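# An overview of the molecular structure
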Amino acid sequence: MRRLTGKAKEETLIELQSTTDSQMTDESSGNGISSLSEGTHLPGHSETEGLKPNRDTVFFRDGVRRIDFVLSYVDDKDEKKQERRKAFEANLEKTGLELETEDKSESKDQKTYFLKIHAPWDVLATYADVLNIKVPFKESDMQHGQDVHLNWLSCPFRLPDHIMHPQTDYFTYPFDKNKVDFFLINDKETFFPPSTRNRIVFYILARVPYYSEGRMDREKTGIKRLLSNGTYTAAFPLHDCRYWKKAKNTKCESERFNLYSHWAGFLSFYKEQPLNLIRKYYGEKIGIYFAWLGFYTEMLFFAAVMGVICFIYGLLSYGDNKSSKEICDQNIGGSIVMCPLCDKKCPFWTLNSTCLSSWQSHLFDNEGTIFFAIFMGIWVTLFLEFWKRRQARLEYEWDLVDFEEEQQQLQIRPEFEIKCTNRRKNKITQEMEPYLPVTSKCARFIFSGTTVILWVSLIVACIIGVIAYRLAVYAAFASIIKDPLRKIQLVGRFITPQLATSVTASCINFVIIMILNFLYERVAIWITDMEIPKTHLEYENRLTIKMFLFQFVNYYSSCFYVAFFKGKFVGYPGKYSYMFGNMTKLRNEECDPGGCLIELTTQLVIVMAGKQLWGNIQEALLPLMRNWWSSRKGRHNPVNHYSRWEQDYVLLNFSQIGLFYEYLEMVIQFGFITLFVASFPLAPLLALCNNILEIRVDAWKFTTQFRRPVASKARNIGAWQEILNAVAILSVVTNAFIMAFTSDMIPRMVYLYAYSKEASMSGYINNSLSVYSISQIHPDNMPEDYWHDNSTTTCRYRDYRYPPGHEKQYTHTMQFWHILAAKMAFIIIMEHVVFVVKFFVAWLIPDVPSDVKARIKRERYLIQEYLHKYEVERLKLQLSASFITEPQSETSLTPDKHEVVSECS
């Protein structure tokens, strides 16, 4: 039986009763779709063969009232759930919402009920006033400065104007229910767009209780609790049409179709994004995310170009690399015998066996890398400053300038109102409000902080485990092929033991990262819920800090180890350093013979590329497969018989923090291309290619795989802005240290300008290697199968120490201290230069464009002027009305006055 409520309830029930007999035959056929007899065609619906109504619609059965929200449930004969639904729906009706139920016999699975909700004008007007929603009062008379383009250049990248600007630009003012005639209201049914309507309805749903009248149970409030306890299975607003074709009903905007056609297709990757349409359909919060992602991708283009130029310089200077030529020379590198790189298993080896890795290292470790690192420090500042300007423009265009956070983002969460039973008077509003006692708050914070520290410690423990793996497995790789005194032991043809160890350890580390990430996501949400944040903004910020702190350690710790610790605490042949002491026999690993920078590059590529590949698989393939499985029963039904609410019901739900993961993914990527970019100049290019795909994959997900999210407002990217600023500052420090301590650039420069007799790099390799007497090597460090060769009495190792026989043998030479001083000087100079340029650029570029400031002032002026005129006209009307009624009232009062006088006399 269908249950209808609202203004047309009685009329529709009578209409249904008159057609019951004619529908019995069709309903018994099992398809759950009722056919209407001739003359009972519902307005707003089109007919197909068999006179069956089109159920692919966003309107009630009367074809007039729009469906603003849909709740679904399965009647499993649970009396408690039935009572909750009955009380909740009764309370919804009391707020003024109109309901219409679709019986389970009309659903494809024959067991799901759908409750459709419509918000009439009075409800919309009331809550628009409460939420301070801005609405138009005058058409804008100002030109958009950014619309001035070189048409012949921008034409290929532009979208049709009706897609880029789906609605006329207006001056707006917060809605006031008592001043309805002040606003431009042509049609009350379409005055509030669907995104605003579903936001208002969700606001009501989140605060309506589901206890019966006369009973008070504060926890029994809101749709979220009803979803969590299984009373309802889903709650969502409807998409306005199918994504691959427009709606037949002309009242439908078909904005989803336009988004899919002009935005979600990968072939549109070079086109601009329809940000105004995205904002209109999904709300400002999702719109600001795609605006930021698009701007970030545009700025990546410049960083990618410079990275490619730096890489090309490395290729072109390949032939001028004298250090690599000396290593590869049979008479130079072939005559240098190097000390074993591990105990027992590693033999002595000749330097020319590292010929290939030295050439590979030169591609990324060259003079151009310094300039690229400085450029990226300035690029980060330009990106953040220009984004502030872009954000300020969007704030104005999207009516977020005077965005009342107290009314929107900072409104109290229903969970806080429910769980906090204590009340106190607000000093500002003088109203009683819930609060969390200080003792309870401190206890929750301590528990939360302890949990975060525990999980971060777990990451550090896993990293230490991976380091132990690297130390243990290196000897195994080195002993696969025995070929002493000729070349380094090879795994395959081109891979050294160091590289093989680095690659396998990086892959293991990546798997650990993914597993810990999967587990910690749930822990972070749980402990944030346990803290009971007061507002939505506070909840998101706390979760953001927890997740980013964990992800920072999780993703970057291995890169920090390779960049700043590996090869720095090795010791020398007579006094090697061991992990956890000499008893473990795990000797600290040395860098690849080509240098530590190439290993950092390998680590960065594996973790960054692996994360992006895994992320795209998760974002694209998993939703596709899940939706395919969920909708397989309805795929073969006629198009018009598969209702709009059922089509959306089988889609994935976009959670309230769904956008959080999108930001997190991009900010982690931002860290990769800024913190360690000196080791891999092609990282921005890799990020650019990923982001071009990311924008279209995200667009495709939103338009095809997810239910329509509830629209919500946001004037900026929130806590992510401060995180980006912190990463930008840290990146200057990390890149300076990478260039100084991980790269070989500084030692080469010191040799060239201070120690080279010919002012060239000739002889640098011999100068950078110290000498050790083989007879003084401890037996525990000697190879097991060492062939005694009287012609080889010494071996070389990477360091600057005095040779055997010197009065200061095996202590650091003066060149070591010169190089250390040069490294520290380079760090100080680079940091100060980049920071000075950063702060100067930040000071030079205003956060808000001058034309936007002028428009804001113009709009505020017009608001004051029009409000003044409106109030004056309103006062005139009231006065004129009082003059009309006053003579009548005076004549009616006159006899009474005479009667009173006569009685007194």
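Use the structure listed above.
Residues numbered from 1 in each chain as written. Predicted model: local features only at pLDDT ≥ 70, side-chain atom pairs only at ≥ 80, totals over all residues. Heavy atoms only, no water.

## A short note on unusual backbone geometry
A positive phi angle is found at Lys 77, which is not glycine, with a value near 65°. Assignment of secondary structure puts Lys 77 in the loop between β1 (69–74) and α2 (79–94). Its relative accessible area of 62% is what places Lys 77 among the exposed residues. Its identity is not glycine, yet Asp 399 carries a phi of approximately 60°, on the positive side. Relative to the assigned elements, Asp 399 resides in the loop between α14 (367–397) and α15 (414–419). Owing to a relative accessible area of 14%, Asp 399 belongs among the buried residues under this scheme. (Helix = DSSP H or I, 4+ residues; strand = E, 2+ residues; numbered from the N terminus. Buried < 20%, exposed > 50% of the residue type's maximum accessible area, 1.4 Å probe, protein only.)

## Description of the pattern of salt bridges
Within this structure, the stated rule accounts for 40 salt bridges. Glu 102 is paired through a salt bridge with Arg 55; the nearest N and O atoms lie 3.5 Å apart. With a gap of 47 residues between them, Glu 102 in strand β2 (residues 98–102) and Arg 55 in the loop between α1 (9–27) and β1 connect regions that are remote in the sequence. For Glu 102, a relative accessible area of 3% translates into the label buried. Residue Arg 55 is classed as buried on the basis of its relative accessible area of 8%. In this structure, Glu 253 engages Arg 66 in a salt bridge whose closest nitrogen and oxygen atoms are separated by 3.2 Å. Within this pair, whereas Glu 253 is found in the loop between β6 (234–236) and α9 (255–264), its partner Arg 66 is found in the loop between α1 and β1, the two being separated by 187 residues in sequence. Via salt bridges that share partners, Arg 55, Arg 61, Glu 100, Glu 102, Glu 106, Lys 116 and Glu 646 belong to a single interconnected network. (Salt bridge = Lys/Arg side-chain N within 4 Å of Asp/Glu carboxyl O.)

## Digging into a nonpolar patch on the surface
A cluster of nonpolar side chains, namely Phe 157, Phe 266, Leu 267, Phe 269, Tyr 270 and Leu 693, defines an oily patch on the protein surface of about 630 Å² accessible area. Of note, Tyr 270 is situated in the loop between α9 and α10 (275–282). Exposure remark for Tyr 270: the relative accessible area of 40% places this residue in the partly exposed category. (Patch = residues over 30% accessible without salt bridge, like charges linked within 9 Å, V, L, I, M, F, W, Y side chains within 5 Å. Areas by Shrake-Rupley, 256 points an atom, 1.4 Å probe, with all protein chains shown as cover.)

## Some words on the state of the cysteines
Should the sulfur atoms of two cysteines be covalently bonded, the bond is a disulfide. The full count for this structure, using the stated rule, is three disulfides. Between the sulfur atoms of Cys 328 and its disulfide mate Cys 355 the distance is 1.8 Å. In this structure the cystine formed by Cys 328 and Cys 355 twists about its S-S bond by roughly 95°; its chirality is therefore right-handed. Residue Cys 328 is located in helix α12 (residues 322–328), and its partner Cys 355 is located in helix α13 (residues 355–364); the two are separated by 27 residues in the primary sequence. (Disulfide = S-S within 2.5 Å.)

## Section: the packing of α14 against helix α26 (residues 814–844)
Close contact between α14 and α26 brings their axes to 9 Å; oriented N to C, the two are set at 25°. Between α14 and α26, the crossing angle belongs to the class labelled roughly parallel. As for how α14 packs across α26, the hand of that crossing is right-handed. Taken together, the residues of α26 that come into contact with α14 (itself represented by Ile 370, Ala 373, Ile 374, Gly 377, Ile 378, Val 380, Thr 381, Leu 382 and Glu 385) are Phe 826, Met 830, Val 834, Val 837, Lys 838, Val 841 and Ala 842. Considering only residue class, the contact of α14 with α26 consists of twelve nonpolar, two polar and two charged. (Axes fitted to C-alpha atoms, helices over the stretch in contact; angles between N-to-C directions. Parallel < 35°, antiparallel > 145°, perpendicular 65-115°, else oblique. Left-handed = near helix turned anticlockwise from the far one by under 90°. Contact = heavy atoms within 4.5 Å. Nonpolar A, V, L, I, M, F, W, Y, C, P; charged D, E, K, R; others polar.)

## Here's the deal with the nonpolar core
If you look at the biggest cluster of nonpolar residues, it comprises 143 residues, and the most contacted ones within it are Trp 292, Tyr 296 and Trp 379. Filtering out sequence-adjacent residues up to four positions away, Trp 379 remains in contact with Tyr 296, Met 299, Leu 300, Ala 303, Phe 670, Ile 673 and Thr 674. By size, the runner-up hydrophobic cluster in this structure holds 45 residues, among which are Leu 92, Leu 115, Val 135 and Phe 183. (Core = buried A, V, L, I, M, F, W, Y, C linked by side-chain atoms within 4.5 Å.)

## A closer look at the packing of helix α24 (residues 745–755) against α26
Relative to each other, α24 and α26 sit at 115°, their axes nearing to 10 Å. Considering the relative orientation of α24 and α26, their crossing is right-handed. Here Ile 746, Pro 747, Val 750 and Tyr 755 of α24 lie close against α26, whose contacting residues are Met 814, Gln 815, His 818, Ile 819, Ala 822, Lys 823 and Phe 826. Taken together, the residues that form the contact of α24 with α26 break down as eight nonpolar, two polar and one charged.

## Overview of helix α3 (residues 121–130)
When we look at burial in α3, the residues that qualify are Trp 121, Val 123, Leu 124, Ala 125 and Ala 128. Buried residues along α3 sit in contact with α6 (188–191) and α7 (194–205). The positive-phi residue at the C-terminal boundary of α3 is Asn 132, with phi of around 55°.

## A closer look at the packing of aromatic side chains
Applying the stated criterion to the full structure yields 70 aromatic pairs. With a centroid separation of 5.1 Å and an interplanar angle of 10°, the aromatic rings of Tyr 73 and Tyr 113 are classed as stacked. Of this pair, Tyr 73 sits in strand β1 while Tyr 113 sits in strand β3 (residues 112–118), and the two are 40 residues apart along the sequence. When its relative accessible area of 13% is taken as the criterion, Tyr 113 is described as buried. The ring of Phe 59 carries the charged tip of Lys 251 above its face, separated from the ring centre by 5.0 Å. Its guanidinium or amino end placed over the ring of Tyr 866, Lys 869 lies 5.7 Å from that ring's centre, counting from NZ or CZ. (Phe/Tyr/Trp six-rings, centres within 6.5 Å; stacked < 30°, edge-to-face > 60°. Lys NZ or Arg CZ within 6 Å of the ring centre and 35° of its normal.)

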